[in-house]
Amino acid sequence: MIKIKSPHEIKLMAEAGQIAELARRACGDLVAPGITTRELDHVAKKVITGFGAKPSFLGYGGFPGSVCCSVNDEVIHGIPSSRKIKEGDIVKIDVGALYMGYHGDCAATYAAGAIPESTEKLIQVTRQSFYEGIKYAREGYRISDISKAVEDYTAANGFFQVRDYVGHGVGSELHEEPEVPNFLAPGRAGHGPRLVAGMTIAVEPMVCMGTWQVNTMPDGWTVKTADGSLSAHYENTILITKDEPIILTADKDGRHA
Ligand code: MG
């Protein structure tokens, strides 16, 4: 069942989203050669708990970190560790905050120092694919319209959307219905859930340079591209309305990564 949020719930989700955005920003600002992913994790935890919120991911299914910190060919679910970020690395920060019973969930990809033009393109295409998708994130369209727009834009730029992991509804649970795929499965056009004002979903393109295929590492969490190519991630929690969607993982002035 897809939950439609009340105005009160939406207000709390905007607060949770704001905290998640500020944690994302704090980490993003610190991504540079020499910092460890564990240090980034500590910064995010400090920001989140400083607002009286809880890191959504900490302990979720046994996840040991407050954020997911995935480097280069790691797509998602990277575990914070003593790994030192090197010049030219790209670092994906995925962060959730649970505040007053509601979650905000967001992610972005940050470069450590100088990166090649092709890597910059990967990051920009990933971010823009989110915006292409949310052109259809309003009442009356379907989830599959978002999926198709995200996939089409990505494919037109020569990259691949991961298929094994998808965006999701978000609210009092970190992962709620519906699933929000970043690709259109055969026969899904014109089918699947319709969007209704008051739905809150996390749209999160996960884009790889060389393939959509991924593997989970022996740690049980870290997901890497099957071909070792680079991957980027971008995510916001959004509110569906009758008009343009509202990005909930934004600061008080509406700014976000
Ligand atoms: Mg998510």
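Only a predicted model underlies this, so the values are computations on that prediction, with no experimental measurement involved.

Peer 1: How would you sum up the environment of Ile4? Please name residues and give values.
Peer 2: Relative to the helices and strands, Ile4 is located in the segment before α1 (7–30). Setting aside anything within four residues of it in sequence, one finds Ile4 in contact with Glu9, Val196, Ala197, Gly198 and Met199.

Peer 1: Now, about the sheet that holds strand β3 (residues 74–76): what can you tell me, with residues and values included?
Peer 2: Reading across the sheet, the 3 strands line up as β3-β12-β11 and stay open at both edges, with antiparallel pairing between neighbours. A strand with exactly one partner marks an edge of an open sheet, and here the two such strands are β3 and β11 (214–216). The sheet shows a mean angle of 40 degrees between the axes of neighbouring strands, taken without regard to direction. Two strands pair when backbone bridges link them, and β11 and strand β12 (residues 223–225) are joined in this way by 3 bridges, in the antiparallel orientation. If you follow Val214 over to β12, its bridge partner there is Thr225.

Peer 1: Break down the pairing of strand β4 (residues 90–99) for me, with residues and values.
Peer 2: Counting buried positions over the 10 residues of β4 gives 9, a clear majority of the element. Sheet topology note: the strand β1 (residues 54–55)/β4 ladder contains 2 bridges and is antiparallel. When the bridges of β4 are listed, Lys54 appears paired with Leu98. Pairing between strand β2 (residues 67–71) and β4: 5 bridges, direction antiparallel.

Peer 1: So what's going on with the side chain of Asp105? Which residues, and what values?
Peer 2: Within the fold, Asp105 resides in strand β5 (residues 102–111). The charged side chain of Asp105 is buried without a salt bridge, its nearest counter-charge being Arg24 at 8.4 Å. In terms of polar contacts, Asp105 uses its side chain to reach the side chain of His168, at 3.1 Å.

Peer 1: I'd like to hear about the pattern of salt bridges, residue by residue, with values.
Peer 2: One pass over the structure, following the stated rule, counts 13 salt bridges. Note that Lys242 and Glu139 form a salt bridge whose closest N and O atoms lie 3.0 Å from each other. Of the two residues, Lys242 sits in the loop between β14 (236–239) and β15 (246–247) while Glu139 sits in the loop between α3 (117–134) and α4 (143–156), which places them 103 residues apart along the sequence. The class of Glu139 is partly exposed, set by a relative accessible area of 30%. With a closest N to O distance of 3.5 Å, Asp253 and Arg255 form a salt bridge.

Rules used throughout
Residues numbered from 1 in each chain as written. Predicted model: local features only at pLDDT ≥ 70, side-chain atom pairs only at ≥ 80, totals over all residues. Heavy atoms only, no water. Helix = DSSP H or I, 4+ residues; strand = E, 2+ residues; numbered from the N terminus. Contact = heavy atoms within 4.5 Å. Pairing = 2+ DSSP bridges. Axes fitted to C-alpha atoms, helices over the stretch in contact; angles between N-to-C directions. Buried < 20%, exposed > 50% of the residue type's maximum accessible area, 1.4 Å probe, protein only. Lys, Arg positive; Asp, Glu negative; His and termini not counted. Salt bridge = Lys/Arg side-chain N within 4 Å of Asp/Glu carboxyl O. Polar contact = N/O pair within 3.5 Å; in protein donor to acceptor, adjacent residues only side chain to side chain.

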